[in-house]
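Architecture and fold: a report
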Amino acid sequence: MRSGDPVPLDDTRDTPGYVCGRIIAAYELIAAQAGQQLPPADLDLSATHPIYTIPRLRAGQVRQAIAHTRRQNPRGAARTEEYIADLVAKLDRFPERLDMKQRAEYVLGHAHQKVVGLPKGVASRSQTCWSTS
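Rules of the game
Residues numbered from 1 in each chain as written. Predicted model: local features only at pLDDT ≥ 70, side-chain atom pairs only at ≥ 80, totals over all residues. Heavy atoms only, no water. Salt bridge = Lys/Arg side-chain N within 4 Å of Asp/Glu carboxyl O. Helix = DSSP H or I, 4+ residues; strand = E, 2+ residues; numbered from the N terminus. Buried < 20%, exposed > 50% of the residue type's maximum accessible area, 1.4 Å probe, protein only. Phe/Tyr/Trp six-rings, centres within 6.5 Å; stacked < 30°, edge-to-face > 60°. Lys NZ or Arg CZ within 6 Å of the ring centre and 35° of its normal. Core = buried A, V, L, I, M, F, W, Y, C linked by side-chain atoms within 4.5 Å. Axes fitted to C-alpha atoms, helices over the stretch in contact; angles between N-to-C directions. Parallel < 35°, antiparallel > 145°, perpendicular 65-115°, else oblique. Contact = heavy atoms within 4.5 Å.

What follows deals with the pattern of salt bridges. Across all of its chains, the model carries 7 salt bridges by this definition. Its salt-bridge partner being E105, residue R13 comes within 3.0 Å of it at the nearest N-O pair. Of this pair, R13 sits in the segment before helix 1 (16–33) while E105 is found in helix 6 (residues 100–116), placing the two residues 92 residues apart along the sequence. Given a relative accessible area of 26%, R13 falls into the partly exposed group. For E81, the salt bridge goes to R58, with nearest N and O atoms at 3.9 Å. With E81 in helix 5 (residues 74–89) and R58 in helix 3 (residues 50–59), this residue pair connects regions lying 23 residues apart in the sequence.

Structure, rendered in structure tokens:
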């Protein structure tokens, strides 16, 4: 790897901080596809107390974004839900609090997921709708 190349997503890394960071980044990408932004206060809180934000965002704004997608691309919405479920399944439960080490893992997971984006067939950063391929 050359200096300046993005660090690849580590799909085998399952520390709670890293996984929570990936989930929030995926939520942000999903919301963006529906023309929405997640509240900055929720993004900030998710980095320290994921249990208070991740389930609430999933039940509210992210669910609405997926519903918006479902109207345009049912298969893409289903793949999105599967992708999120796979990420959540890496955790036994959402952590109540992330210590400093786990916050660093959160930042890393968030950055990796944002750089890589969502897998093909789920969404693309350049699309306004979900891909059906």
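Resuming the write-up.
Per the counting criterion, the structure on display carries 0 aromatic pairs. Directly above the aromatic system of Y18 lies the positively charged group of R13, at a separation of 5.1 Å from the ring centroid.

So, on to the environment of V122. Inspection of the secondary structure assignment puts V122 in the segment after helix 6. C-alpha of V122 to C-alpha of R79: the two residues are 43 residues apart in sequence and 5.5 Å apart in space.

Looking now at the nonpolar core. Counting 27 residues, the largest nonpolar core has I23, Y27, I30, I54, V62 and L118 as its most contacted members. Looking at this core, the elements that each hand over two or more residues are helix 1, helix 3, helix 4 (61–72) and helix 5. In terms of residues, this core owes the most to one element, helix 1, which gives 9 residues.

For the rest of this paragraph, the subject is the packing of helix 3 against helix 4. Packing of helix 3 against helix 4 brings their axes to within 3 Å, and their N-to-C directions diverge by 30 degrees. It follows that helix 3 is roughly parallel to helix 4 by the angle criterion. Together, L57, R58 and A59 of helix 3 and Q61, V62, R63 and I66 of helix 4 make up the contact between the two elements.

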